[in-house]
Amino acid sequence: MGQQTVDPVIAGWAAGFRPVRDGEYFPPHSPGCVGCGPANPHGLHLAVRRHGEGVQAEHTFDDRHTGAPGVAHGGAVAMAFDDLFGFLLYLLGELAVTRDLRVSYLAPVRLNAAYMLRADHGARVGRRIPVSAELRNHDNVVVATAEATFVVVDTHHFTRAAGR
Ligand SMILES: CCCCCCCCCCCC(=O)SCCNC(=O)CCNC(=O)[C@H](O)C(C)(C)COP(=O)(O)OP(=O)(O)OC[C@H]1O[C@@H](n2cnc3c(N)ncnc32)[C@H](O)[C@@H]1OP(=O)(O)O
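Fair warning: this is a prediction, and the values are worked out from it, not measured in the lab. Within every chain, residues take consecutive numbers counted from 1 along the sequence as written. Given that the model is predicted, a residue must reach a pLDDT of at least 70 before its local features are reported, and side-chain atom pairs must reach 80 or more before they are shown or counted; all residues, however, enter totals for whole chains, interfaces and linings. To get the side-chain values, take all heavy atoms of the structure and skip hydrogens and water.

Asker: Account for the UniProt feature "domain: Thioesterase" (unreviewed entry) in the protein chain, naming residues and giving values.
Answerer: Here, the residues flagged by UniProt with the feature "domain: Thioesterase" (unreviewed entry) are residues 70-139. Going along the chain from the N terminus, every DSSP run of H or I of four or more residues is numbered as a helix, and every run of E of two or more is numbered as a strand. Across residues 70-139 one finds 27% helix and 39% strand; the C-alpha atoms that close the span lie 19 Å apart. UniProt positions are given in the numbering used here, feature names are shortened, and annotations may be inferred rather than shown by experiment.

Below you can see the structure in the form of structure tokens.
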């Protein structure tokens, strides 16, 4: 039964995931989140805002996320997509986690160049929420796409995951 106790830190964290108005920026998942946390020196520092029933972010990968010379690491691009998807949950009002993530890399993503990320969600089926996203360059060309399945969980998932 002890494992089912909701830790107040986790409960407070989860309660912070609320919708914002169209065009407004969301708060980060946490200060230290590697995708969007401002306090993480190694992170992407994604700044994500609502776009209708979807989310979007302008983003520039930098030298910290180098793969081939001058090119963003594919893992960093996948991280951007995964973290972006995490903002759709604010709009859905669900706690959920990534069960699978598929990224298609259509063209190299350059470092120190501005890109636009955009994500949308489909309809929830059971505990599954399908999500999809695109990454476009400054010429509005799609250079990467992603699809994922998020699975709805409750706060106990995070309490257990954190070993609290
Ligand atoms: C705002 C909050 C922000 C919170 C998050 C804030 C940070 C966001 C950061 C970005 C997101 C992340 O990195 S999240 C962190 C990375 N992900 C994780 O750590 C997840 C680790 N995996 C797990 O803990 C587990 O596998 C779960 C919870 C995902 C699922 O386990 P489970 O609870 O036992 O559920 P299970 O029965 O296996 O499956 C549940 C449902 O999913 C379906 N399902 C299972 N596998 C698949 C699959 N590959 N493709 C499609 N559907 C699948 C099943 O048919 C079932 O559907 P149905 O019959 O029920 O319909």
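Asker: Explain unusual backbone geometry residue by residue, including any values.
Answerer: When glycine is set aside, most residues are seen to have a negative phi, and most peptide bonds are trans. Phi is positive for His 45, close to 60°, though the residue is something other than glycine. Structurally, His 45 is set in the loop between helix H1 (8-15) and strand S1 (49-51). Positive phi, normally seen in glycine, also occurs at Asn 140, with a value near 65°. Inspection of the secondary structure assignment puts Asn 140 in the loop between strand S5 (128-136) and strand S6 (142-152). Throughout this description, buried means an accessible area under 20% of the type-specific maximum (1.4 Å probe, protein chains only), exposed means over 50%, and partly exposed covers the range between. Overall, the relative accessible area of 51% leaves Asn 140 in the exposed class.

Asker: Can you lay out the site of the ligand for me, pointing to particular residues and giving the numbers?
Answerer: With respect to spatial proximity, 22 residues lie near the ligand, and among them Asp 82, Arg 99, Asp 100, Arg 127 and His 157 are the closest. Here an oxygen atom of the ligand sits 2.9 Å away from a polar atom, N or O, in the side chain of Arg 99. Coverage of the ligand by the protein amounts to 60% of the 1300 Å² it exposes when considered alone. Elements supplying a minimum of two residues to the shell around the ligand: helix H2 (74-92), strand S3 (96-105), S6 and helix H3 (155-161). When residues of the shell around the ligand are assigned to their parent elements, the largest contribution, five residues, is made by S3. Under this grouping Gly is polar, as are all residues other than the nonpolar Ala, Val, Leu, Ile, Met, Phe, Trp, Tyr, Cys and Pro and the charged Asp, Glu, Lys and Arg. Looking at side-chain class alone, the shell around the ligand contains 11 nonpolar, five polar and six charged residues. The cutoff for a nearby residue is simple: one of its non-hydrogen atoms must lie within 4 Å of the molecule or strand. Each polar contact in these results corresponds to two N or O atoms within 3.5 Å; when the atoms are within protein, one needs to be able to donate a hydrogen and the other to accept it, and residues that are neighboring in sequence are counted only if both atoms are side-chain atoms. Here the open area of atoms and residues is found with the Shrake-Rupley method and a 1.4 Å probe, where only the protein chains shown may cover a residue.

Asker: Which residues make up the sheet that holds S5, and what are the values?
Answerer: Only strands that DSSP links by at least two bridges are regarded as paired with each other. Ordered by their spatial adjacency, six strands build an open sheet running S1-S2-S4-S5-S6-S3, and the pairing between neighbours is antiparallel. Strands with a single pairing partner mark the edges of an open sheet, and in this sheet they are S1 and S3. Neighbouring strand axes in the sheet, compared pairwise and without regard to direction, differ in orientation by 25° on average. As judged from the nine bridges shared by S5 and S6, these two strands associate in the antiparallel manner. Paired with Glu 134 across the strands is Thr 145, a residue of S6. Here an axis means a line fitted to C-alpha atoms, over the contact stretch when the element is a helix, while the angle between two N-to-C directions is reported on a 0 to 180 degree scale.

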